[in-house]
Amino acid sequence: MKDFAMSETLRVLSPGMLTIVQDLGRFGYAHLGVSASGAADGLSARISNRLVGNDDNTSVLEMTLVGGRFEFGRDSMIALAGADLAATLDETLVPMYESVRARARSILRCGSARTGARCYLAVAGGFEITPVLGSTSTHLMSGIGGLAGRALKRGDILPLKVGGAAAQPRKLDRSLFQQLRPRTRLRVTLGPQHDFFGKDGITKLCSQTYLVSEDSNRVGLRLHAQPIDSILEAKMLTEGAALGAIQIPPGGQPIILFVEHQTTGGYPKIANVISADLSSLGQLRPRDEIRFELVTMPQAIEALKEQEHILRQAVPPA
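Fair warning: this is a prediction, and the values are worked out from it, not measured in the lab. (Residues numbered from 1 in each chain as written. Predicted model: local features only at pLDDT ≥ 70, side-chain atom pairs only at ≥ 80, totals over all residues. Heavy atoms only, no water.)

1. Side note on the pattern of salt bridges
For clarity, the cut-off: Any Lys or Arg side-chain nitrogen located within 4 Å of an Asp or Glu carboxyl oxygen qualifies as a salt bridge. Secondary structure elements follow DSSP: runs of H or I of four or more residues count as helices, runs of E of two or more count as strands, with numbering from the N terminus.
In total, this model carries 18 salt bridges according to the counting rule given. A salt bridge links Glu-293 to Arg-185; its shortest N-O distance comes to 3.7 Å. Here the residue Glu-293 occupies a position in strand E20 (residues 289–294), and Arg-185 occupies one in strand E12 (residues 185–190), the gap between them amounting to 108 residues. A network of salt bridges, in which partner residues are shared, links Arg-183, Arg-185, Arg-187, Asp-277 and Glu-293.

2. Topic: the packing of aromatic side chains
Defined as follows: Stacked, tilted and edge-to-face pairs are distinguished by plane angle, under 30 degrees for stacked and over 60 for edge-to-face with tilted covering the rest, among Phe, Tyr and Trp rings (Trp via its six-membered ring) whose centres lie within 6.5 Å. Exposed residues in this analysis have more than 50% of their type's maximum accessible area, buried residues have under 20%, and partly exposed residues fall in between, with area computed by a 1.4 Å probe over protein chains only. A ring has a charge above it when a Lys NZ or an Arg CZ is no more than 6 Å from the ring centre and no more than 35 degrees off the ring normal.
This model, assessed by the stated rule, comprises two aromatic pairs. Measuring from ring centre to ring centre gives 5.5 Å for Tyr-210 and Phe-292, while their planes differ by 55°; the resulting arrangement is tilted. Of this pair, Tyr-210 sits in strand E13 (residues 210–212) while Phe-292 sits in strand E20, and the two are 82 residues apart along the sequence. What makes Phe-292 buried here is its relative accessible area of 0%. One residue, Arg-174, lies across the ring of Phe-177, its end atom 5.6 Å from the ring centre.

3. Section: the sheet that holds strand E5 (residues 76–84)
Here is the rule: When DSSP finds two or more bridges between two strands, those strands count as paired. All axes here are fitted lines through C-alpha atoms, helices being fitted over the stretch that makes contact, and every angle between N-to-C directions spans 0 to 180 degrees. Pairs of residues are marked as contacts when any of their non-hydrogen atoms sit within 4.5 Å.
With respect to topology, five strands assemble into an open sheet ordered E2-E3-E10-E5-E8, the strand pairing being antiparallel. The open sheet terminates on both sides in strands that have one partner only, identified here as strand E2 (19–22) and strand E8 (100–102). Going across the sheet, the axis of each strand differs from the next one's by a mean of 30°, ignoring polarity. Of the strand pairs in this sheet, E2 and strand E3 (residues 60–64) are connected by four bridges, and their pairing is antiparallel. Note on E3: the bridge partner recorded for Thr-19 is Met-63. In the packing of helix H1 (residues 42–51) onto the sheet, the strands contacted are E3, E5 and strand E10 (115–123), and the crossing angle to E5 comes to about 155°.

4. A few points about the side chain of Arg-118
By the element assignment, Arg-118 lies in strand E10. For Arg-118, a relative accessible area of 8% corresponds to the buried category.

5. Considering the sheet that holds strand E19 (residues 269–273)
Pairing between the strands of a sheet comes from backbone hydrogen bonds, and it takes one of two forms, parallel or antiparallel. Here we have seven strands rolled up into a closed barrel, ordered E12-E19-E16-E17-E14-E13-E20, and mixed in their pairing. Looking at each pair of strands side by side, their axes are set apart by 40° on average, direction ignored. Here E13 runs beside strand E14 (residues 220–224); their pairing, made up of two bridges, is antiparallel. Residue Val-212 lies in a different strand from E14, and its bridge partner there is Leu-223.

6. Topic: helix H4 (residues 297–314)
This is how it is decided: For a helix, the expected span equals 1.5 Å multiplied by the residue count minus one. Directions from the helix axis toward the C-beta atoms define the arc.
In this model H4 runs 26 Å from its N-terminal to its C-terminal C-alpha over 18 residues, within 8% of the 26 Å that 1.5 Å per residue would give. Among the residues making up H4, those that are buried are Ala-300, Ala-303, Gln-307, Ile-310, Leu-311 and Ala-314. Projected down its long axis, H4 shows its buried positions confined to an angular sector of 100°, all on one face. Projecting away from the buried face of H4 at angles above 90 degrees are the exposed residues Met-297, Pro-298 and Lys-305. Taken together, the buried residues of H4 touch H1 and E12.

7. Concerning the nonpolar core
Which entries qualify depends on this criterion: Here, the term nonpolar core denotes a set of buried Ala, Val, Leu, Ile, Met, Phe, Trp, Tyr and Cys residues that are joined through side-chain atoms within 4.5 Å.
If you look at the biggest cluster of nonpolar residues, it comprises 79 residues, and the most contacted ones within it are Ile-47, Leu-61, Leu-108, Ile-256, Ile-270, Leu-281 and Phe-292. Ranked by residues supplied to this core, first place goes to E5 with six residues. With sequence-adjacent residues up to four places away left out, Ile-47 is seen in contact with Ala-81, Tyr-97, Leu-172, Leu-180, Leu-311 and Val-315. One finds Ile-274, Val-295, Ala-300 and Ala-303 within the second-largest nonpolar core, a separate group that totals five residues.

8. A closer look at H1
Of all ten residues that make up H1, ten are buried, and the element is covered over most of its length. For H1, the full list of buried residues reads Gly-42, Leu-43, Ser-44, Ala-45, Arg-46, Ile-47, Ser-48, Asn-49, Arg-50 and Leu-51. Looking one or two residues beyond H1, the residue adopting positive phi is Gly-53, at roughly 85°.

9. A word on the pairing of E3
The element E3 is largely enclosed, with a buried count of five among its five residues. A two-sided burial pattern is seen for E3, the buried positions comprising Val-60, Glu-62 and Thr-64 on one face and Leu-61 and Met-63 on the other. Sheet topology places E3 next to E10; four bridges connect them, and they run antiparallel. By the bridge assignment, Glu-62 is partnered in E10 with Tyr-120.

10. Structural notes on the packing of H1 against H4
The condition that has to hold: Put simply, angles under 35 degrees are roughly parallel, angles over 145 are roughly antiparallel, angles from 65 to 115 are roughly perpendicular, and the rest are oblique. For a crossing to be left-handed, the near helix must be turned anticlockwise from the far one by less than a right angle; the clockwise case is right-handed. Put simply, Ala, Val, Leu, Ile, Met, Phe, Trp, Tyr, Cys and Pro go in the nonpolar bin, Asp, Glu, Lys and Arg in the charged bin, and everything else, Gly too, in the polar bin.
Running from N to C, H1 and H4 point in directions that differ by 25°, and their axes come no closer than 11 Å. Comparing the axis directions of H1 and H4 gives the class roughly parallel. Both H1 and H4 take part in a crossing whose hand is right-handed. In contact with Leu-43, Arg-46, Ile-47 and Arg-50 of H1, H4 contributes Gln-307, Glu-308, Leu-311 and Arg-312. Per-class residue counts for the contact of H1 with H4 are three nonpolar, one polar and four charged.

Given below as structure tokens:
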């Protein structure tokens, strides 16, 4: 039997709270009821991949709140981005946003998140995962993608792709890091049913501080503050729902549709989180406080362009 220490694999010694395989998502299947899924913080996932010389869409491991323990079967270049899990590699602290070399038989230990909610582990070359509907993203609600459509568990073996051994160490430009940090003041554009809530609806949405509920997950983020009530008694027909849409159910407490959201819904959507701020949603923890800021569509587009420009400067594509 081939010795594990000489194998092209990563072994899960402990999975942590919730560790799943993710890429940037599967697109084009909403009409079949399958949302894109993908990394909850796509920006951090991309950064981790770039630090080890991978393409942005290479599979990574997404760890939530409490990280796992992993043993490397070969020498590998690795990088961590997102939430700080105080990770160590054979008892040596692993710096965030910087690639380091993990030797065969070395063990990566990730603890509880000191900041943020989700951390991304990228390995040079990536994982050998069979795509489902064009993506390796784990969609927990439907049980597809990743490793058998589920969270990782103790004893799982993840094959690594051949290659990546020649990857060179890289660092994120720290001078630009502040401009890429997650936001707690989330920018939004008007939703298709904003008029359901009258002239004061958006004003109320953007004037309150919201508490993130412990009922939040990859499907949606439930928020608590003073309720926002509809001024219309008529119910709307079910229609398509988008990532980042802010629904207002009958109780008046907003729900932000997240990466594994349902593809249709019958609740009115008062606003939508802009693309540049979607990654910030992935770093929100229960009991975090957030606010909303209304922007125009041109401002939303400009914010995304600016974010991409900063990202290219901070860590250029492989």
